[in-house]
Amino acid sequence: MELRELGATGLRVSPVGFGASPLGHVFGDVPRDVARAAVRRALDLGINFFDTSPYYGGTVSESVLGDCLRAAGVPRDRFVVATKCGRYREGFDFSAARVTRSVDESLARLGLDYVDILHCHDIEFTDLDQIVNETIPVLQKIKESGKARFIGITGLPLSIYTYVLDQVPPGSVDVILSYCHYGINDTALVDLLPYLKSKGVGVISASPLAMGLLTDNGPPEWHPAPKELKLACRAAADHCKKKGKNITKLAMQYSLMNNEISTVLVGMNSPEQVEENVAAAIELSTSGIDKELLHEVEAILEPVKNMTWSSGIEQA
Ligand SMILES: NC(=O)C1=CN([C@@H]2O[C@H](COP(=O)(O)OP(=O)(O)OC[C@H]3O[C@@H](n4cnc5c(N)ncnc54)[C@H](O)[C@@H]3O)[C@@H](O)[C@H]2O)C=CC1
Ligand SMILES: O=C1O[C@H]([C@@H](O)CO)[C@@H](O)[C@@H]1O
């Protein structure tokens, strides 16, 4: 897979990114040997971008990812690691003191001297002015210390990105991580891409499978989507299955089609899923997407297109 530039960071990342929340058992138990095999397979197939956070599995995802990268025994410059701060099993805390402590805790769990990207995690759950006036300034200090090379912000509502980026000094935020807004059922992120480009901010798009909605197994119990959206995605998956096709492959390829998005983070729990998703990316580049199936699935999902759910607190 040809690597893509990530904003103005100079980082070159694989179009398929390894989402490590499943390594924190967020979608079900993943035995350690399977996790190690999945990360090993990802590296062998050209995936170089790994995303985690202290929130996934209450720090388990970071610890397991660190173990898997060590077990793979590849040089540090062979991979790009992103983690987050501010969201934890026990709740949210974006204070300068907590995020300063958080990055040291993450580095210890990952077994790394630095992370490439440190995101403020799901910032819609705090007063965005705290992110602008307290959290991002202290993350700049962490960046100067060398513990994080670049700074990002993540969350569901797209409005959080313009609110923050319109107020912080240019270059304070290097990347954003949006999720569930660039896939067959929801392409709302498209409208923000020109703005993000104008700010020189790199774009990471996560959850091409809508956190499991666009899979044959369906979403986990905790999935917050409205019932109508869940039912429509189920119908789309069943339609593909009836035709002997795979909605997950179609969804992966759809999310990978926009080159303005540097990397698509997909949560993976096995070497088989790594192989399937990389194969989907390669097939997209060689023979394109199944246009007929895509049109059929888009018709099924039309009534729920860009349907989302609320996330976070009321902003003043
Ligand atoms: N707020 C934030 O910062 C967010 C960050 N993320 C990051 O992005 C990553 C991807 O998002 P996810 O939530 O994991 O959702 P996703 O849309 O990537 O779906 C993950 C689910 O799809 C399954 N899956 C993956 N490949 C498959 C295949 N080939 N066949 C069948 N099933 C397959 C996985 O086992 C898992 O159950 C996360 O792991 C996390 O690292 C995701 C959401 C929010
Ligand atoms: O960061 C996050 O990950 C959660 C889910 O996508 C697991 O991968 C999501 O609820 C949260 O924003």
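Everything discussed here concerns the structure shown above.
Everything numeric here is computed off the predicted structure, so don't read it as measured data. (Residues numbered from 1 in each chain as written. Chains lettered and ligands numbered in written order. Predicted model: local features only at pLDDT ≥ 70, side-chain atom pairs only at ≥ 80, totals over all residues. Heavy atoms only, no water.)

**Student:** Which residues make up the packing of helix α8 (residues 247–256) against helix α9 (residues 271–287), and what are the values?
**Tutor:** Relative orientation of the contacting elements α8 and α9 amounts to 55°, with a least axis distance of 9 Å. It follows from the interaxial angle that α8 and α9 lie oblique. Crossing handedness for the pair α8 and α9: right-handed. Touching Thr 248, Lys 249, Met 252, Gln 253 and Leu 256 of α8 are Asn 277, Ala 280, Ala 281, Glu 283 and Leu 284, all from α9. For the contact of α8 with α9, the per-class residue count stands at 5 nonpolar, 3 polar and 2 charged. (Axes fitted to C-alpha atoms, helices over the stretch in contact; angles between N-to-C directions. Helix = DSSP H or I, 4+ residues; strand = E, 2+ residues; numbered from the N terminus. Parallel < 35°, antiparallel > 145°, perpendicular 65-115°, else oblique. Left-handed = near helix turned anticlockwise from the far one by under 90°. Contact = heavy atoms within 4.5 Å. Nonpolar A, V, L, I, M, F, W, Y, C, P; charged D, E, K, R; others polar.)

**Student:** Now, about the side chain of Ser 53: what can you tell me, with residues and values included?
**Tutor:** Mapped onto the elements of the fold, Ser 53 is located in the loop between β4 (49–51) and α2 (60–72). Side-chain polar atoms of Ser 53 contact the backbone nitrogen of Tyr 55, separated by 3.0 Å. Setting aside residues no more than four positions away along its own chain, Ser 53 makes contact with Ser 61, Glu 62, Thr 83, Lys 84 and His 121. (Polar contact = N/O pair within 3.5 Å; in protein donor to acceptor, adjacent residues only side chain to side chain.)

**Student:** Go over helix α10 (residues 291–301), please, and point to the residues and values.
**Tutor:** For α10, every residue scored as buried is listed here: Leu 293, Leu 294, Val 297 and Leu 301. Down the axis of α10, the buried set is contained in an arc of 100°. They therefore lie on one face. In this structure, α10 carries Lys 291, Glu 292, His 295 and Ala 299 as exposed residues pointing more than 90 degrees from its buried face. Considering only its buried residues, α10 is in contact with α7 (227–242) and α8. (Buried < 20%, exposed > 50% of the residue type's maximum accessible area, 1.4 Å probe, protein only. Arc of directions from axis to C-beta.)

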